[in-house]
Amino acid sequence: MSLYSHLECTHCNKHFDKNQINNYCPECLQPLVAKYLLNPNISKSVILTGRYDMWRYSAVLPVENESCKITLGEGWTPLLDLQKTSAAFDVNRVLMKEEGLNPTGSFKARGIGMAVSKAKELGIRSFCIPTAGNAGSALAAYVAVSDGEAHIYMPEATPRVFQLDCEVMGARVTKVKGSIRDAGLAMAKDNVDGQWWDITTLKEPFRLEGKKTMGYEIAEQMNWKLPDVIMYPTGGGTGLIGIWKAFQEMLIMGWVEHIPTRMVAVQTKVCNPVVRAFESGMDHCDLYENPGETIANGLRVPKAFGDRLIMRTIKESNGFALDVTEEEMILGIYEFGRREGMFLSPEGAAVYIGFKKLTHSGYIKPSDTVVLINTGSPYKYVDNME
Ligand SMILES: Cc1ncc(COP(=O)(O)O)c(C=O)c1O
Ligand SMILES: [Zn+2]
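Fair warning: this is a prediction, and the values are worked out from it, not measured in the lab.

1. Quick look at the coordination of the zinc ion (ligand 2)
- Protein coordination at the zinc ion (ligand 2) comes from C9 (SG), C12 (SG), C25 (SG) and C28 (SG), with a distance range of 2.2 to 2.4 Å.
- One way to put it: the 4 donor atoms around the zinc ion (ligand 2) meet at angles of 105 to 119 degrees, and that makes the site tetrahedral.
- In terms of primary sequence, the donors binding the zinc ion (ligand 2) are separated according to C-x2-C-x12-C-x2-C. Of the two residues, C12 is situated in the loop between strand 1 (4-9) and strand 2 (15-16) and C28 in the loop between strand 2 and strand 3 (32-36); the sequence distance between them amounts to 16 residues.

Put into structure tokens, the structure is as follows:
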């Protein structure tokens, strides 16, 4: 049974009825988040231990009707012990959450799977999204299963396989000159009447709930003792915010005793609005004008709708933000591949390089346990590597 109670504005805290269709707070123009009836008496026995996907945590997820849960096997990905990397950098324990094994090859399956399932419950069947690639592939897949309609807008520079992926699964794809922001603007023009449900990152509340399951899984896979540091490749920021949300929920229920975790956002130097905001102590991000080309398409986000939540998460967790160069990402892919036998996505390589830098700077200490998130499969990025 789901404990879902209502939606709440992250800025003015106003409540919104869970049975009505809402995107974001109409007054503050800020994201809404799902709230649950949580208390310390909710034991871990609510976890559906026989389910090996994200729906294992259905009690703290917003979909109430079993028949609306669309699944392609998303979630319950491995948390790998990187013993050679721990030894190489003299860090207590380094783990990798391998999200490339999700359906359609990325962690986007969690958020999109949740959003499309909840939409089914609310009676919505037409969707639109601007995407760097992976979210589009995931939307096409889940919408195909639910017999809906997907309108996907992606930058021209997106590797070809993403378009193919979407078209194979019956979605309508529009390529747009510029960044994901330009794709979003083109989409908004075509959706003036609001005939499609806009599931842009954090402009609807449920993708966050899917991404949050990474936080529940990390806790369960670590026997409810949270890591000291989590490193996350940040574009729109849903995973960073979602994992932090999961930790707060678990603390209320007493599933974890405390939260030692510092949340670290890693970006590319050619588009680093979060790093700039972090370095100047801001609570929001300025628009990053004219982002450069990057092999990590998912990190080319000039302005995230959830920018305030990203900055809040970093601040509350005593976290950090840093960037890496394109050359470093490529070197990281090869270095990590040779050591650990894993081909990382460029975003995952950004996280690995970020980890290395923070061990050198002393931010990561020898006593720390660190979780790196490899958010996607490398195989869709082969065009970028050539
Ligand atoms: C592989 C990969 N990693 C990271 C990101 C950034 O994720 P988020 O928008 O949740 O910050 C994306 C987004 O497209 C992605 O595809
Ligand atoms: Zn508000």
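Continuing now.
2. Let's talk about the site of ligand 1
- Around ligand 1 sit 17 residues, and of these Y232, G235, G236, G237 and T375 come closest.
- In isolation ligand 1 exposes 390 Å². Once the protein is present, 97% of that is buried.
- Counting only elements with at least two residues in the shell around ligand 1, the list comes to strand 10 (229-233) and helix 7 (238-253).
- Residue composition of the shell around ligand 1, grouped by class: 5 nonpolar, 9 polar and 3 charged.

3. Digging into helix 7
- With 16 residues, helix 7 ought to run about 22 Å at 1.5 Å a step, and its terminal C-alpha atoms sit 22 Å apart, in line with that.
- Counting buried positions along helix 7 gives 13 out of 16 residues, so the element sits mostly inside the fold.

4. Regarding the packing of aromatic side chains
- This structure, assessed with the given rule, holds 14 aromatic pairs.
- Judged by centre distance (6.1 Å) and plane angle (55 degrees), the rings of F107 and Y232 are tilted. Within this pair, whereas F107 is found in the loop between strand 5 (93-98) and helix 2 (108-122), its partner Y232 is found in strand 10, the two being separated by 125 residues in sequence. Accessibility classification places F107 together with Y232 in one group, the buried group.
- Aromatic pair F320 and Y363: ring centres 5.0 Å apart, planes at 40 degrees, arrangement tilted. Residue F320 is found in strand 12 (residues 320-324), and its partner Y363 is found in the loop between helix 11 (346-361) and strand 13 (369-374); the two are separated by 43 residues along the sequence.
- Assessed through its relative accessible area of 27%, F320 is described here as partly exposed.
- With relative accessibility at 16%, the residue Y363 sits in the buried group.
- The ring of F107 carries the charged tip of K211 above its face, separated from the ring centre by 4.0 Å.
- For R262, the ring lying beneath its charged end belongs to Y363, and the centroid distance is 4.7 Å.

5. A word on the sheet that holds strand 8 (residues 172-176)
- If you walk across this open sheet you meet the 4 strands as 8-7-6-9, and the pairing is parallel. For this open sheet the edge positions go to strand 8 and strand 9 (197-198), each flanked by a neighbour on one side alone.
- Here 5 bridges tie strand 6 (residues 126-130) to strand 7 (residues 149-155), and the two strands are oriented parallel to one another. Within strand 7, the position partnered with I129 by the bridge is I152.
- The strands that helix 5 (residues 180-190) touches are strand 6, strand 7, strand 8 and strand 9; relative to strand 7, the one it contacts most, it runs at about 140 degrees.

6. Some points on unusual backbone geometry
- Even without glycine at this site, N13 takes up a positive phi of about 65 degrees.
- Note on placement: N13 falls in the loop between strand 1 and strand 2.
- For N13, a relative accessible area of 47% translates into the label partly exposed.
- In this structure, T104 is a non-glycine residue whose phi angle is positive, near 60 degrees.
- Within the secondary structure, T104 sits in the loop between strand 5 and helix 2.

Rules of the game
Numbering of residues starts from 1 in each chain and follows the order in which that chain's sequence is written. Throughout, the order in which chains and ligands are written sets their labels, letters from A for the former and numbers from 1 for the latter. Note on the predicted model: pLDDT of at least 70 is required for a residue's local features to be given, and 80 or more for side-chain atom pairs to be given and counted; whole-chain, interface and lining totals, by contrast, use all residues. Each side-chain value is derived from all of the structure's non-hydrogen atoms; neither hydrogens nor water enter the calculation. Any nitrogen, oxygen or sulfur atom within 2.8 Å of a metal ion counts as a donor, with the limit raised to 3.2 Å for Na, K and Ca, and since water is left out, coordination shells can look unfinished. Labels for metal geometry use angle windows, namely 85 to 135 degrees for all angles of a four-donor tetrahedral site, and for square planar (four donors) or octahedral (six donors) sites opposite donors over 155 degrees apart plus all others within 65 to 115; sites meeting none of these are irregular. Numbering of helices and strands runs from the N terminus, with a helix taken as a DSSP run of H or I at least four residues long and a strand as a DSSP run of E at least two residues long. Only a single heavy atom is needed: when it lies within 4 Å of a molecule or strand, its residue is near that molecule or strand. Working definition of accessibility: Shrake-Rupley area with a 1.4 Å probe, residue cover restricted to the visible protein chains. When residues are grouped by polarity, Ala, Val, Leu, Ile, Met, Phe, Trp, Tyr, Cys and Pro land in nonpolar, Asp, Glu, Lys and Arg in charged, and all others, Gly among them, in polar. Multiplying 1.5 Å by the residue count of a helix minus one yields the expected span of that helix. Between buried and exposed lies partly exposed: a residue is buried under 20% and exposed over 50% of the maximum accessible area for its type, with that area taken using a 1.4 Å probe on protein chains only. Whether two aromatic rings pair depends on their centres lying within 6.5 Å, for rings of Phe, Tyr and Trp, where Trp uses its six-membered ring; planes under 30 degrees apart make the pair stacked, over 60 edge-to-face, and the rest tilted. Our definition puts a charge over a ring when NZ of Lys or CZ of Arg is within 6 Å of the ring centre and also within 35 degrees of the ring normal. When DSSP finds at least two bridges between two strands, those strands are taken to pair. Here, two residues are considered to be in contact whenever any of their heavy atoms come within 4.5 Å of each other. In this analysis an axis means a line fitted to C-alpha atoms, helices contributing only their contacting stretch, and an angle means the value between N-to-C directions, from 0 to 180 degrees.

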